[in-house]
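# Structure at a glance
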Amino acid sequence: MTEPPLERLNKHLALQLGVSRREADDLIEKGKIRINDSVAILGARFKQGDAIFVNGKPLQSEASYRYILFHKPIGYVCSRRAQGENPTIYSLLPRELAALKPVGRLDKDSSGLILLTNDGDFAYQMTHPKFHKTKVYEVSLDHMLEPLHQQMISDFGVQLEDGTSQLQLERLDETRKSWRVTMHEGRNRQIRRTFAVLGYTVVKLHRTHFGSYVLANLPPGEYATFSLK
């Protein structure tokens, strides 16, 4: 009788827990994973029928990777719990998507493209700075951007408390208040902070692109599934 094939433990954990394989290896290395009655080791494999435990609790099976493109409206937070009177994006999604995690975030006053998944490796590749994923936003300011300030932001960068912020700017109309902003990193509220240093308030921030993914005509509060490109 043929023995069932062995599967890699870290790959299986990543799928079931929605973490990266690196994070799965970290759980194994810390002794938090058991296969049957034995503590798992790095590089471990298992066969169908083995019982896998995480922190003493049995690991649920039969998950599959899911990828969601979501149009986040203004006023919603990218967390599982509401913050004060601000509801969570999960209140707009069906219950079967509640286990998916946001890939990067938008603050409650921002709108646009959010990706959600249970694929930790995909999330890591989309968000780690070394992969240089391009993000594009439509930004409106409270008053016209001076040409000198445009040059400072685009050519030299603006100094923030966590380092230099350099953004690519493209004017969207003649008012000099509306701009297309392109960036390759994603520090917390970076665009808002960059303009604030020079005396501007961002009154609209709407993400249209994240890597190769585009919001297009998806209505606010709606989602669409996608496969990896």
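Preceding block: the structure.
Cut-off values and rules
- Residues numbered from 1 in each chain as written.
- Predicted model: local features only at pLDDT ≥ 70, side-chain atom pairs only at ≥ 80, totals over all residues.
- Heavy atoms only, no water.
- Helix = DSSP H or I, 4+ residues; strand = E, 2+ residues; numbered from the N terminus.
- Buried < 20%, exposed > 50% of the residue type's maximum accessible area, 1.4 Å probe, protein only.
- Contact = heavy atoms within 4.5 Å.
- Polar contact = N/O pair within 3.5 Å; in protein donor to acceptor, adjacent residues only side chain to side chain.
- Core = buried A, V, L, I, M, F, W, Y, C linked by side-chain atoms within 4.5 Å.
- Pairing = 2+ DSSP bridges.
- Axes fitted to C-alpha atoms, helices over the stretch in contact; angles between N-to-C directions.
- Parallel < 35°, antiparallel > 145°, perpendicular 65-115°, else oblique.
- Left-handed = near helix turned anticlockwise from the far one by under 90°.
- Nonpolar A, V, L, I, M, F, W, Y, C, P; charged D, E, K, R; others polar.

With phi around 50°, H132 is a residue other than glycine that occupies positive phi space. Positive phi is not limited to glycine here, since A216 has a value of about 55°. The residue A216 is located in the loop between β16 (213-214) and β17 (223-225) in this model. By relative accessible area, which is 60% here, A216 ends up exposed.

All right, on to the environment of G211 then. In this structure, G211 sits in the loop between β15 (202-210) and β16. Exposure remark for G211: the relative accessible area of 28% places this residue in the partly exposed category. Along the chain, G211 and K177 lie 34 residues apart, while their C-alpha atoms are 25 Å from each other. Apart from the residues lying within four places of it in its own chain, the contact partners of G211 are M126 and T134.

On to helix α3 (residues 120-127). Within α3 the residues assigned to the buried category are G120, D121, F122, A123 and M126. Next to the buried residues of α3 lie α2 (21-29), β7 (67-72), β8 (101-103), β9 (111-117), β15 and β16. Among the residues of α3, the N-terminal cap falls to D119, whose side-chain oxygen and the backbone nitrogen of D121 are separated by 3.1 Å.

Now for the nonpolar core. Core analysis: the biggest nonpolar cluster contains 30 residues, and L116, V139, L141, L169, V181, I191 and F195 have the highest contact counts within it. If you list the elements that add at least two residues to this core, you get β7, β9, β10 (135-141), β11 (158-160), β14 (178-183), α5 (190-197) and β15. Ignoring sequence-local partners within four residues, the contact set of I191 consists of Y137, V139, L167, V181, M183, V202 and L205. Among the nonpolar cores identified, the runner-up in size contains 14 residues, and L13, L27, I33 and A44 belong to it.

Here we take up the sheet that holds strand β5 (residues 52-54). Hydrogen bonds along the backbone pair up the strands of a sheet, which may run parallel or antiparallel. On the basis of which strands lie adjacent, the open sheet formed by four strands has the order β3-β2-β5-β6 and antiparallel pairing. Each edge of the open sheet is held by one strand with a lone partner, namely β3 (38-39) and β6 (57-58). By the bridge criterion, two bridges tie β5 to β6 in an arrangement that is antiparallel. The residue bridging V54 from the neighbouring strand is K57, located in β6. Against the sheet, helix α1 (residues 9-17) contacts β2 (33-35) and β5, and its axis sits at roughly 60° relative to β5.

Let's shift gears to the packing of α1 against α2. When two helices pack together, their arrangement is given by the angle between the helix axes and by the axis-to-axis distance. Across the interface, α1 lies against α2 with an axial gap of 8 Å and an inter-helix angle of 110°. Comparing their axes, α2 and α1 come out roughly perpendicular. α1 and α2 meet at a crossing whose hand is right-handed. Between α1, through L9, N10, K11, L13, A14 and L17, and α2, the contact on the second element is made entirely by R21, A24, D25, L27 and I28. The residue makeup of the contact of α1 with α2, split by class, is seven nonpolar, one polar and three charged.

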